[in-house]
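If you want the building blocks of each chain, they are given just below.
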Amino acid sequence: MTLSRPRDGLFHLSIMSLALAYALLVLLLLGAMALRTDLASISSILSDQAIRRATLLSLTTSTLSMVIALWIAVPTAYLLSRYEFFGRRLVDALVDVPIALPPLVVGLGLLILFRTPAGAFFESRLFAVSYEIPAIVLAQVVVATAFAIRTMRATFDQIDPRHEDVARTLGMSRGRAFRTITLPEARKGVVAAGTIAWARSLGEFGPILVFAGATRMKTEVLPTTIYLELSTGELGRAMGVAVLMVALALAALIVAKLCGATGVSR
Amino acid sequence: MIRLDSVSLTRGSFSLREITLTVPSGAYGVLMGSTASGKTTILEAICGLRSISSGKIRLDGRSVDLEDPAKRGVGFVPQDAAIFPTMTVRRQIELPMRVRHWRRARVRERVERLADMLAIEHLLGRRARGLSGGERQRVALARALSFGPTVLLLDEPMSALDDDTREQLYGSLEAVREETGVTALHVTHSANEAARLGDVILRLEDGHVRRVGSPHERPLGSVQSIARGIDA
Amino acid sequence: MLASLLIAAGLVVALVAMASPAKGDPPLRLRCAAVLRPAMEQITRDYERERGVQILAQYGGSGHLLGGLQISHHGDLFMPADESYLDAAGELVVQRTPVVMLRSVLAVARGNPLGVSSLADLSRPDVRVGLADPDGASIGKLSREALQDEGLWEHTLRAVLVFKPTVSEIAADLAIGAIDATILWNQTAASIDAIEAVSDPALSRRRGVVSIGLLRASTRPEEAKLFAAYVAGPARIRFEEFGYTLGGDP
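The numbering scheme is per chain: residues are counted from 1 as the chain's sequence reads. Naming scheme: in the order in which they are written, chains are lettered from A and ligands are numbered from 1. Thresholds applied to this predicted model are a pLDDT of at least 70 for local features of residues and 80 or more for the giving and counting of side-chain atom pairs; totals over whole chains, interfaces and linings are not thresholded and use all residues. Computation of side-chain values: all heavy atoms of the structure, hydrogens and water removed.

### Focus: the arrangement of the chains
Whether two residues are in contact is decided by their heavy atoms: any pair within 4.5 Å suffices. Counting contacts across all 2 pairs of chains that touch, the top pair turns out to be chains A and C. Regarding chain B and chain C, the two do not touch, and the least distance separating their C-alpha atoms is 17 Å.

Shown next as structure tokens:
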């Protein structure tokens, strides 16, 4: 569609100005951050061992959390989109809860969960979670999965179930029809859900602070670093880490766009 | 043979009661009825996509009520053709044969024969996007026939086509009837289609199926003798 | 789908490698107020080098750290910005050692453009004032007490633009220029270039005592006691270097 018809001028003007206004707001926000950053702090954070480890830990945990979130979200969203079963509405509402909860509450809930007899049993028999790296991943997965489910749910709702029906008459089981027909059709949605899960995990702070702590060289991820630097008045370094995070997020979003673009559009 | 005995089913507020119909082996059955009379639902019940509350469905004498759609061996061409958007035309015609672990050479030969019969050779490398309505129907037809089903179900295949394309599809369907000997049930609201294609014409009215007649009175025996030409 | 499982497996291996503890004894776990971080980071490094004992420190707001402690009963040592948090921890803390004093100051932008000179100026209409949370942060509690003593609390409360949960957050607001004046720990004010400290006698009289507490939950209490003694003894020189006031000073 081109933006040429004069009769539609007012409409086009209004949608364009709203879009531009928002894009400009994001740009100004980034610009304001850049103003507070100087090259000295950027180079000092890049050579800081603790920050390098936090970066590595952030990237590793967010990517792992994204994979786990997708493995949970894709089947869950498919189930909610295609099947009627007792308690469906309840499950549907429950998987949205982490989106609505304040981040601190998510962390607090997880911390308390692992103090219950069941949680303590898990930690004593298998591996420690609270204040350790698994806590970071778990805190990220809880929130990221909820967002991934929302995205996948919208995707599956838009895919015609007739295709799966036909695949079944052609000799495929439900599982095989899902893998060969529906999942490839949902590719763009999977990429979008993965992107949002990854970005949420990378930026997650509140639950991680409470559940995994802010221990240097141990459970310190990039948002924790910003918090720690800010808490000791190192505004310049905090902004430097923030700029680093913006760069990582932009890189990831570009990769995701490229992945989505190679997919088949319907 | 397609045979329904007193089949009833309910779907929300809509229900079909005590449907009984027969299409003899190798015959081309046409089921007529007004819009929303439940014709599509009957097809879905036959291929197993919708469960029935009572009655019996037999295909070639075999009771299939409890069988999964994958096991019924019914070729189904839905109204919108439901071409899979993520794969090429060749790939989706091959799919039912791959699922059944056919040998590669046999798959290739089968695809060539179907493509030739339905005049879709030039489409094999294309994807769903950009196929015309008639092309989609013929691809869906090739896909439904690829694994050599004995029963073929078609849901208003002509409804969205212009006159020229419709003429082409008539040709394709006649070729299918002559060459495969499949037992077909074709759903439509058009009396023309029924008159041109039907060996057996049925009408669904007020939840009952009534046999209208067979304009051709084509001897069934001769149809069956032509059959198996392309049968796997 | 298989690829995603392989990626996940690789990431788990990487995380296990990152989490694997250093050889030797497990580290001591310290929960420490964020305001003490500059000195404590140096001190834990010194201690590790001198005694070969690793200290894993978690920095945060005192109240926040206390909350986590009360839920998890986990860790060896607790070092909040103010003794009241050790009191609040009750029987979770079995022994405490005083380390350093924190003084409070009026804090303004460098150059003091609005000429703020006393607590009374905090209720001036042209001064945008923010304070640390009086119920959650020790500096906030101290600010309230000082203002109440001067009979200024009610007045100031009406003028306060914002409360922030910790001293660090309100300091950051001042550094950015979102507020004009606040009350900070002297140490916090001194560590930020953009901030200037103004002393007011009413504030100078008030101090926070930082003590390091040994936790009942400690799995290695003897090791933990040794570290506490080190922090309160040989390490005090580090606190002086970073501009903290030692316990004996006026």
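### Quick look at the packing of aromatic side chains
Within 6.5 Å between ring centres, the rings of Phe, Tyr and Trp (the latter by its six-membered ring) count as paired, and their orientation is classed by plane angle as stacked under 30 degrees, edge-to-face over 60, tilted in between. Scanning the model with the defined rule gives 10 aromatic pairs over all chains in all. On the numbers, 6.1 Å between centres and 50° between planes, the contact of Phe156 of chain A with Phe178 of chain A is tilted. Taken together, the residues Phe156 of chain A in helix α8 (residues 133–158) and Phe178 of chain A in helix α10 (residues 174–185) connect sequence positions 22 residues apart. Exposure class is identical for Phe156 of chain A and Phe178 of chain A. Each is buried. What links up through ring pairs into an aromatic cluster is the set Tyr78, Tyr83, Phe156 and Phe178 of chain A. Consider the ring centre and the ring normal. A charge sits over the ring if Lys NZ or Arg CZ is within 6 Å of that centre and within 35 degrees of that normal. Its end group placed over the ring of Phe147 of chain B, Arg100 of chain B keeps NZ or CZ at 3.9 Å from the ring centre. Only DSSP runs of H or I reaching four residues or more are called helices, and only runs of E reaching two or more are called strands; each is numbered from the N terminus. When accessible area is computed with a 1.4 Å probe and restricted to protein chains, residues below 20% of their type maximum are described as buried, those above 50% as exposed, and intermediate ones as partly exposed.

### With respect to the interface of chain C and chain A
If you look at the interface, chain C gives 33 residues, while chain A gives 35 residues. Surface buried jointly by chain C and chain A totals about 3,000 Å² across both partners, of which 70% is contributed by carbon and sulfur atoms. Note on definitions: buried area is the accessible-area loss of two parts on being combined, 1.4 Å probe, summed for both. Sorting the residues of chain C by area buried against chain A places Met18, Arg37 and Ile71 of chain C first, and these three jointly supply 21% of that buried surface. Each salt bridge in this description consists of a side-chain nitrogen of Lys or Arg and a carboxyl oxygen of Asp or Glu lying within 4 Å of one another. At the surface where chain C touches chain A, the tally comes to 0 salt bridges. Polar contact is defined as a pair of N or O atoms within 3.5 Å, subject to the rule that within protein one atom must be able to donate a hydrogen and the other to accept it, and that residues adjacent in sequence are counted only when both atoms are side-chain atoms. Taken together, chain C and chain A are joined by 3 residue pairs in polar contact (both at pLDDT 80 or more). Of all the secondary-structure elements, those providing two or more residues to the side of chain C that touches chain A are α1 (2–19), α2 (37–51), β2 (55–60), α3 (62–72) and α7 (167–176) of chain C. By residue number, the principal contributor to the side of chain C that touches chain A is α1 of chain C, which donates 10 residues. For this classification, Asp, Glu, Lys and Arg are treated as charged, while Ala, Val, Leu, Ile, Met, Phe, Trp, Tyr, Cys and Pro are nonpolar and the rest, including Gly, are polar. Of the residues assigned to the side of chain C that touches chain A, the class counts are 20 nonpolar, 10 polar and 3 charged.

### Concerning the sheet that holds strand β5 (residues 62–63) of chain B
All names here are of chain B. Each pair of strands is called paired provided DSSP finds at least two bridges between the two strands. Ordered in space as β2-β1-β4-β5, the 4 strands form an open sheet in which the pairing is antiparallel. On the outer flanks of this sheet lie β2 (14–23) and β5, each paired with one strand and no other. Across 7 bridges, strand β1 (residues 2–11) lies against β2 in antiparallel orientation. Directly across from Leu4, in β2, lies its bridge partner Leu21. The angle between two axes is taken between their N-to-C directions and runs from 0 to 180 degrees, where each axis is a line fitted to C-alpha atoms and a helix contributes only its stretch in contact. Seen against the sheet, helix α1 (residues 39–47) touches β1, β2 and β4 (54–59) and runs at an angle of roughly 110° to β1.

### Examining the pattern of salt bridges
Counted according to the given criterion, the structure contains 36 salt bridges over all chains. Across the pair Asp65 of chain B and Lys56 of chain B runs a salt bridge, and its minimum N-O distance is 3.6 Å. We classify Asp65 of chain B as partly exposed; its relative accessible area is 22%. Where Arg29 of chain C meets Asp76 of chain C, a salt bridge forms, and the shortest distance between an N and an O atom there is 3.5 Å. One end of the pair, Arg29 of chain C, is in strand β1 (residues 28–33); the other, Asp76 of chain C, is in the loop between α3 and β3 (77–79), and 47 residues separate them in sequence. Among the residues examined, Asp76 of chain C registers a relative accessible area of 1% and is labelled buried. Put simply, Arg162 and Asp165 of chain A together with Glu44 and Arg50 of chain B are held in one network by salt bridges that share partners.

### What about the interface of chain B and chain A?
Taken together, the contacts link 25 residues of chain B with 19 residues of chain A. At the junction of chain B with chain A, the criterion picks out 1 salt bridge. The partner of Glu44 of chain B in a salt bridge is Arg162 of chain A, with the nearest N and O atoms 2.5 Å apart. Inspection of the region where chain B meets chain A yields 3 residue pairs in polar contact (both at pLDDT 80 or more). At the level of secondary structure, the elements contributing two or more residues to the side of chain B that touches chain A comprise α1, α2 (69–72), β6 (74–77), α3 (89–99) and α5 (133–145) of chain B. Among the elements that take part in the side of chain B that touches chain A, α3 of chain B stands out by supplying 3 residues, more than any other. Its residues placed into classes, the side of chain B that touches chain A shows 17 nonpolar, 1 polar and 7 charged.

### Thoughts on the side chain of Gln92 of chain B
All names here are of chain B. Here Gln92 is to be found in helix α3. Reaching out from Gln92, the side chain makes a polar contact with the side chain of Arg143 at a distance of 3.0 Å. Setting aside residues up to four positions removed in sequence, Gln92 forms contacts with Ile83, Phe84, Met87 and Arg143.

### Considerations on the layout of surface pockets
Buriedness of a pocket was judged along seven lines, with at least five required to meet protein on both sides within 12 Å; pockets are open sets of points on a 1 Å grid over the protein atoms alone, cavities are sets where a 1.4 Å probe fits but cannot get out, and lining residues have an atom within 4 Å of a point. Grid points are joined across faces, edges and corners, and a volume is the space filled by probe spheres set on the points. If you add up the space inside the second largest pocket, you get close to 900 Å³. In terms of lining, the second largest pocket is formed by 27 residues, of which the most central are Met66, Leu70, Val190 and Val191 of chain A together with Ser4 of chain C. At the level of elements, α3 (49–82), α10, α11 (187–203) and α14 (235–262) of chain A together with α1 of chain C are the ones that each hand at least two residues to the lining of the second largest pocket. When residues in the lining of the second largest pocket are grouped by element, the largest group, 8 residues, is from α3 of chain A. Looking at side-chain class alone, the lining of the second largest pocket contains 22 nonpolar, 4 polar and 1 charged residues.

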